[in-house]
Amino acid sequence: QGARPSHPDLIDDLAARFIQNGWSLKWLHREVMLSAAYRQASGPDAAKGATDPDNRWLWRMNRRRLEVESWRDAMLAVNGTLRADLGGPPQELTDTTNRRRTLYGLIRRRDLTDLLRLHDFPDPLTHSAHRIPTTTPLQQLFALNGPLLRQEAGLLARRLDADAPAGGAERVRQAYALLFQRPPTDREAALALAFVGADAAAWAHYAHVLLGSNEFLFID
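The rules we used
Per chain, the residues get numbers from 1 upward, laid out in the order the sequence is written. The predicted nature of this model means local features are confined to residues of pLDDT at least 70 and side-chain atom pairs, given and counted, to a pLDDT of 80 or more, with totals for whole chains, interfaces and linings taken over all residues. Excluding hydrogens and water, the side-chain values take into account all heavy atoms of the structure. Only DSSP runs of H or I reaching four residues or more are called helices, and only runs of E reaching two or more are called strands; each is numbered from the N terminus. Burial status follows relative accessibility: with a 1.4 Å probe on protein chains alone, a residue under 20% of its type maximum counts as buried, one over 50% as exposed, and anything between as partly exposed. By definition, residues are in contact when any of their heavy atoms lie within 4.5 Å. The protein chains shown are the only cover counted for residues, whose accessible areas, like all others here, come from Shrake-Rupley with a 1.4 Å probe. For the purpose of counting charges, residues Lys and Arg are taken to be positive, whereas Asp and Glu are taken to be negative. His and the chain ends are not included. Charged side chains are reduced to one point each, which is NZ for Lys, CZ for Arg, CG for Asp and CD for Glu. Cavities and pockets were defined on a 1 Å grid built over protein atoms only: a cavity is a set of grid points that admits a 1.4 Å probe from which the probe cannot escape, a pocket is an open set flanked by protein on both sides within 12 Å along at least five of seven lines, and lining residues are those with an atom within 4 Å of any such point. Grid points are joined across faces, edges and corners, and a volume is the space filled by probe spheres set on the points. Under the grouping applied here, Gly and all other residues not named as nonpolar or charged are polar, the nonpolar ones being Ala, Val, Leu, Ile, Met, Phe, Trp, Tyr, Cys and Pro and the charged ones Asp, Glu, Lys and Arg.

Caption draft 1: A look at the overall build of the protein. Helices and strands together make up the secondary structure of the protein, namely eleven helices and two strands. N-terminal to C-terminal, the α/β element order of the protein is α-α-α-β-α-α-α-α-α-α-α-α-β. On the principal axes, the C-alpha backbone points of the protein span a range of 60 × 50 × 35 Å. Classification of the 220 residues of the protein by burial places 30% in the buried group. Once local pairs closer than 6 in sequence are excluded, the contacts in the protein between residues at least 24 apart make up 47%. When the accessible area of the protein is evaluated, it comes to approximately 14300 Å², of which 58% is carbon and sulfur surface. Taken together, the 28 basic and 26 acidic charged side chains of the protein have centroids lying 3 Å from each other.

Below you can see the structure in the form of structure tokens.
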């Protein structure tokens, strides 16, 4: 009862080669994720947008918001505290010493942590084919006032201090390189330096702002 596929020939081709490669899901994932279409950016193009406004023909990557697990992992990664070891028992996500990937977080079926409950984590008591993304005021309040972002922002500020001890514009450039993989614009750098001023403690507040930004939450 769904719509016809947009790329039936592509589906047939992938299906045939999937069988030829021994029904290997790893092969299929690698084939898709290394393709030119999958690796595109989500930036606009006026000419292509006029021709295909719904992106049916995949001329760009659709902008995507990080799921809560990836969002937490990204925060730990940029402040340099994410542990990469595999396996082992789960650990409480509310434990401030937990530096492991969120995949290894302990899930209590009847008592989800605020981090998971507020950010579209599926109900563990029911089968969920996919997550239903939401944008709510509680998510923003969590980003502004929750203990997770305050802690990770403090650790990020500590890393920036170690990587760019001179402070100032050099530290702002380091922050943008870590979080956004780009240099700041002149206006962004000026706003950052005006916000921080001579207050060393303000760098943690500045790091908090960057971690809670849409640019960090969304993949371009």
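Caption draft 2: How the structure looks around the side chain of arginine 100. Within the secondary structure, arginine 100 is located in the loop between helix H4 (68–78) and helix H5 (114–117). A relative accessible area of 5% means that arginine 100 is categorised as buried.

Caption draft 3: Summary view of the layout of surface pockets. Approximately 430 Å³ is the volume found for the largest pocket. Along the walls of the largest pocket sit 21 residues, with Arg65, Leu66, Asp120, Gln139 and Leu217 positioned nearest its centre. At the level of secondary structure, the elements contributing two or more residues to the lining of the largest pocket comprise strand S1 (64–65), H4, helix H6 (137–145) and helix H11 (214–217). Ranked by residue count, the leading element in the lining of the largest pocket is H6, at three residues. Considering only residue class, the lining of the largest pocket consists of nine nonpolar, seven polar and five charged. Its volume calculated, the second largest pocket comes out at about 280 Å³. Together, 15 residues line the second largest pocket, and Leu93, Thr94, Phe142, Pro147 and Leu148 are the ones closest to its centre. Sorting the residues of the lining of the second largest pocket by element identifies H5 and helix H7 (147–163) as the ones contributing at least two each. Take the lining of the second largest pocket: its biggest share by element is four residues, from H7. Residue classes in the lining of the second largest pocket are distributed as five nonpolar, five polar and five charged.

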